[in-house]
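As a plain string of letters, each chain reads:
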Amino acid sequence: MYVKQILIIGLCFWILVAKAQQPVITQLDSSTKTSIRGLSVVNDKIVWCSGTNGMVAKSLDGGKTFKWKQVSGYEKGDFRDIEAFDKDKAIVMAIDEPAVILKTVDGGITWKKVFEDTTKGMFLDAMDFKNDKEGVVVGDPIDGKIFLAYTIDGGNTWTKKLTTKAEKGEAFFAASGGNIKLKAGRKGQKNELIYVTGGTKSKFYSDEFPEGKLLPIVQGKESAGANAIDIWGDKAVIVGGDFSSDTSSTNNSVLVNFTDKTAFSQPTTPPHGYRSSVVFIDKNTLIACGTSGVDISYDGGLNWQLVSKKSYHVVQKAKHGSRIFLAGSKGKIAVLSRN
Ligand SMILES: *[C@@H]1O[C@H](CO)[C@@H](O)[C@H](O)[C@H]1NC(C)=O
Ligand SMILES: *[C@@H]1O[C@H](CO)[C@@H](O)[C@H](O)[C@H]1NC(C)=O
């Protein structure tokens, strides 16, 4: 009897502790219906996001309130990626017709066109910035070659570069701004550019693999392949899958080990469905999200636990802070806390 009571009390306590450690997603009031894929969190207070119909928003109070603005002249623009540097400076990317990059230096009141390309078939997918000055934008292949443009002046000017030849039907997902990373070089080089493709072929490109290396991830159709990559030290985690069957966990994630030679492996417990965005919170903790839910990993991406079945397109951690934000369709914005 006594032992049984202790056991029951112990069990209750264990459940409470287990519950307290569960990540909690709290929906914020974004007061819009726009589909959001661009998210950039400067610090725990300053959050920028962007989406369809030329909409851009900013919060200065950690997401309590968002101020939306439709950028005039871009009412049909789809701003799939945004990079914010502080409360005044941000860069937003419209995918096509026209493929443009706009910059604001006055907190989003006015936007200046800093890049435009009217080439037929031009489709921009994602941007990444290594710091406030050096950045890159990637676009789908033009004449079979992957499109890249670089900036070294914080996005004021861009230099185009058509690079590696892609395979037929190999392209990029403009799902979360997460499939390209510009980082300090690993072996003494100035910069290293790493990006992942999808479609008929899903490949990993880096200095070591300028022609791309096939990923052990689902591919072979327009809706499948790698959607996003995040890097921490000598490792990276890639997520994706097939958005046309977004609850399937088959080959939807790849672990990258950069030690010695770049090596790929697959997680033991993959994320629970197609995921369009992934972010390292610390050395071992990662969050991934997609249309079929949100997952967390505490062991560097080897095992994933489902946090929510709610749909989100993009997850970001504060660049200079600790808070984690999610955004998705119908103006959904949320904060994920880990008590
Ligand atoms: C999943 O990956 C394994 C190992 O890389 C491979 O043998 C299998 O054919 C893949 N399945 C699909 C559906 O892509
Ligand atoms: C990466 O590979 C090295 C050796 O090639 C190994 O020692 C190390 O444990 C691996 N790291 C992970 C995170 O698997």
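Structure: see above.
First things first, this report covers the structure right here in the doc. (Residues numbered from 1 in each chain as written. Chains lettered and ligands numbered in written order. Predicted model: local features only at pLDDT ≥ 70, side-chain atom pairs only at ≥ 80, totals over all residues. Heavy atoms only, no water.)

### Focus on the sheet that holds strand 4 (residues 55-59)
Taken in spatial order, the four strands make up an open sheet running 2-3-4-5, and their pairing is antiparallel. Bordering the open sheet on either side are strand 2 (36-41) and strand 5 (67-70), each of which pairs with just one other strand. Sheet twist, expressed as the average angle between the axes of neighbouring strands with direction ignored, equals 20°. As defined by bridge partners, strand 2 adjoins strand 3 (residues 47-51) across five bridges and the pair is classed as antiparallel. Looking at strand 3, one finds that V41 is bridged to V47. (Pairing = 2+ DSSP bridges. Helix = DSSP H or I, 4+ residues; strand = E, 2+ residues; numbered from the N terminus. Axes fitted to C-alpha atoms, helices over the stretch in contact; angles between N-to-C directions.)

### Details of the site of ligand 2
Within the structure, ligand 2 sits among N257, T259 and D260. Residue N257 places a side-chain N or O atom 2.4 Å away from an oxygen atom belonging to ligand 2. Between D260 and ligand 2, the recorded distance is 3.1 Å, taken from a side-chain N or O atom to an oxygen atom. Out of a free accessible area of 360 Å², ligand 2 has 33% covered by protein chains. (Near = heavy atom within 4 Å. Polar contact = N/O pair within 3.5 Å; in protein donor to acceptor, adjacent residues only side chain to side chain. Areas by Shrake-Rupley, 256 points an atom, 1.4 Å probe, with all protein chains shown as cover.)

### Some thoughts on the sheet that holds strand 27 (residues 305-308)
Strand order across the open sheet formed by four strands is 24-25-26-27, with antiparallel pairing between neighbours. The sheet is open, and its two borders are formed by strand 24 (277-280) and strand 27, each paired with just one other strand. With strand direction ignored, the average angle separating the axes of adjacent strands in the sheet is 25°. In the sheet, strand 26 (residues 293-297) pairs with strand 27 via three bridges, with the strands oriented antiparallel. Considered in strand 27, the bridge of D295 is made with L306.

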